[in-house]
Amino acid sequence: MASHYRDQLIHVYLMGTKDVDSCVRASSLSNLGELCTWLDFALGPVIHEVTACLSAIVKTEREAEVRRAAVHVVTLLLRGLCEKALQVLADVLLELYRLLKFAVRTDVDQLVQLHAQLALEELDCVVKGILFPEEKLEKKITVLP
């Protein structure tokens, strides 16, 4: 159902990030993050728009609550996609990583730094899970008649 209304909902939430009220901007970002967790592979065609919006907000927004919400969207994306993150976010993963590192190093708000660090840890778990899958140590023993 979410993928059917994807374009309309994402358009509304992205427009909400340009509102004059910081609470509306933060709420729009929160809703965008929740929608992205539901979309999975349907997110592919619009991921560049979402990433560009998040990047612009983290780098230029004055209100800390809105920057927190933008970084939280990245966390929700990574948490929602789990091992599918590398497939869905392949084109923008490096940009998201750099954005999170930028937020950790340069943001004055400690909660933004914390959210960015949590998102980096989520990304680390995703990458480690794909590069080093859990090995099952089992052996099949059969008894010959």
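First, a word on scope: everything that follows refers to the structure included in this document. (Residues numbered from 1 in each chain as written. Predicted model: local features only at pLDDT ≥ 70, side-chain atom pairs only at ≥ 80, totals over all residues. Heavy atoms only, no water.)

Looking at the packing of helix H3 (residues 47–60) against helix H6 (residues 93–106)
Phase 1: Running from amino to carboxyl end, H3 crosses H6 at an angle of 15°, the nearest separation of the two axes being 10 Å. Put simply, H3 runs roughly parallel to H6. The handedness of the crossing between H3 and H6 is left-handed. Taking contact as the criterion, the partners of Thr 51, Leu 54, Ser 55, Val 58 and Lys 59 in H3 are, on H6, Glu 95, Leu 96, Leu 99, Phe 102 and Ala 103.
Phase 2: Residue composition of the contact of H3 with H6, by class: six nonpolar, two polar and two charged. (Axes fitted to C-alpha atoms, helices over the stretch in contact; angles between N-to-C directions. Helix = DSSP H or I, 4+ residues; strand = E, 2+ residues; numbered from the N terminus. Parallel < 35°, antiparallel > 145°, perpendicular 65-115°, else oblique. Left-handed = near helix turned anticlockwise from the far one by under 90°. Contact = heavy atoms within 4.5 Å. Nonpolar A, V, L, I, M, F, W, Y, C, P; charged D, E, K, R; others polar.)

Here we look at the nonpolar core
Taken as a class, soluble globular proteins show a tendency for nonpolar side chains to be buried jointly.
Phase 1: Judged by nonpolar contacts, the single largest core of 41 residues is most densely connected at Ile 10, Leu 29, Leu 32, Leu 43, Leu 54 and Leu 89.
Phase 2: For this core, the leading source of residues is helix H4 (residues 64–81), giving nine residues.
Phase 3: Not counting residues up to four positions away in its chain, the partners in contact with Leu 43 are Ile 10, Cys 36, Leu 77 and Val 88. (Core = buried A, V, L, I, M, F, W, Y, C linked by side-chain atoms within 4.5 Å. Buried < 20%, exposed > 50% of the residue type's maximum accessible area, 1.4 Å probe, protein only.)

Section: the pattern of salt bridges
Phase 1: What the rule picks out here adds up to six salt bridges.
Phase 2: In this structure, Glu 61 engages Arg 25 in a salt bridge whose closest nitrogen and oxygen atoms are separated by 2.8 Å. Of this pair, Glu 61 sits in the loop between H3 and H4 while Arg 25 sits in helix H2 (residues 22–39); the two residues are 36 residues apart in sequence, bridging distant segments of the chain. Here the two residues Glu 61 and Arg 25 agree in accessibility, since each one is buried. (Salt bridge = Lys/Arg side-chain N within 4 Å of Asp/Glu carboxyl O.)

A word on the packing of H2 against H4
Between two packed helices, what matters for the description is the angle formed by their axes and the separation of those axes.
Phase 1: Interaxial distance between H2 and H4 falls to 8 Å at its minimum, and their mutual angle equals 5°. The angle between the axes of H2 and H4 places the two elements in the roughly parallel class. Taken together, the residues of H4 that come into contact with H2 (itself represented by Ser 22, Arg 25, Ala 26, Leu 29, Ser 30, Gly 33, Glu 34, Cys 36 and Thr 37) are Glu 65, Val 66, Ala 69, Ala 70, Val 73, Leu 76, Leu 77 and Gly 80.

Regarding the layout of surface pockets
Phase 1: For the largest pocket, the calculated volume is near 210 Å³.
Phase 2: Elements with a minimum of two residues in the lining of the largest pocket: helix H1 (6–16) and H3.
Phase 3: By residue number, the principal contributor to the lining of the largest pocket is H1, which donates five residues.
Phase 4: Considered class by class, the residues forming the lining of the largest pocket number six nonpolar, two polar and four charged. (1 Å grid on protein atoms, 1.4 Å probe; cavity = no way out; pocket = protein on both sides within 12 Å on 5 of 7 lines; lining within 4 Å. Points joined across faces, edges and corners; volume = space filled by probe spheres on them.)

Details of a nonpolar patch on the surface
Phase 1: A cluster of nonpolar side chains, Leu 111, Leu 114 and Leu 118, forms an exposed patch at the surface whose accessible area comes to about 240 Å².
Phase 2: On the accessibility criterion, Leu 114 (45% relative accessible area) is partly exposed. (Patch = residues over 30% accessible without salt bridge, like charges linked within 9 Å, V, L, I, M, F, W, Y side chains within 5 Å. Areas by Shrake-Rupley, 256 points an atom, 1.4 Å probe, with all protein chains shown as cover.)

Quick look at the environment of Glu 65
Phase 1: Inspection of the secondary structure assignment puts Glu 65 in helix H4.
Phase 2: As for Glu 65 and Asp 124, which are separated by 59 residues in sequence, their C-alpha atoms are 25 Å apart.

Looking at H4
Phase 1: An ideal rise of 1.5 Å per residue puts 26 Å on 18 residues; H4 measures up with 26 Å between its terminal C-alpha atoms.
Phase 2: Across the 18 residues that make up H4, a large majority, 13, are buried.
Phase 3: Directly after H4, the chain includes Cys 82, whose backbone phi takes a positive value near 50°. (Expected span 1.5 Å × (residues − 1).)

Focus on the packing of aromatic side chains
Phase 1: A complete count under the given rule lists zero aromatic pairs for this structure.
Phase 2: The positively charged end of Lys 59 is found above the aromatic ring belonging to Phe 102, 5.9 Å away from the centroid. (Phe/Tyr/Trp six-rings, centres within 6.5 Å; stacked < 30°, edge-to-face > 60°. Lys NZ or Arg CZ within 6 Å of the ring centre and 35° of its normal.)

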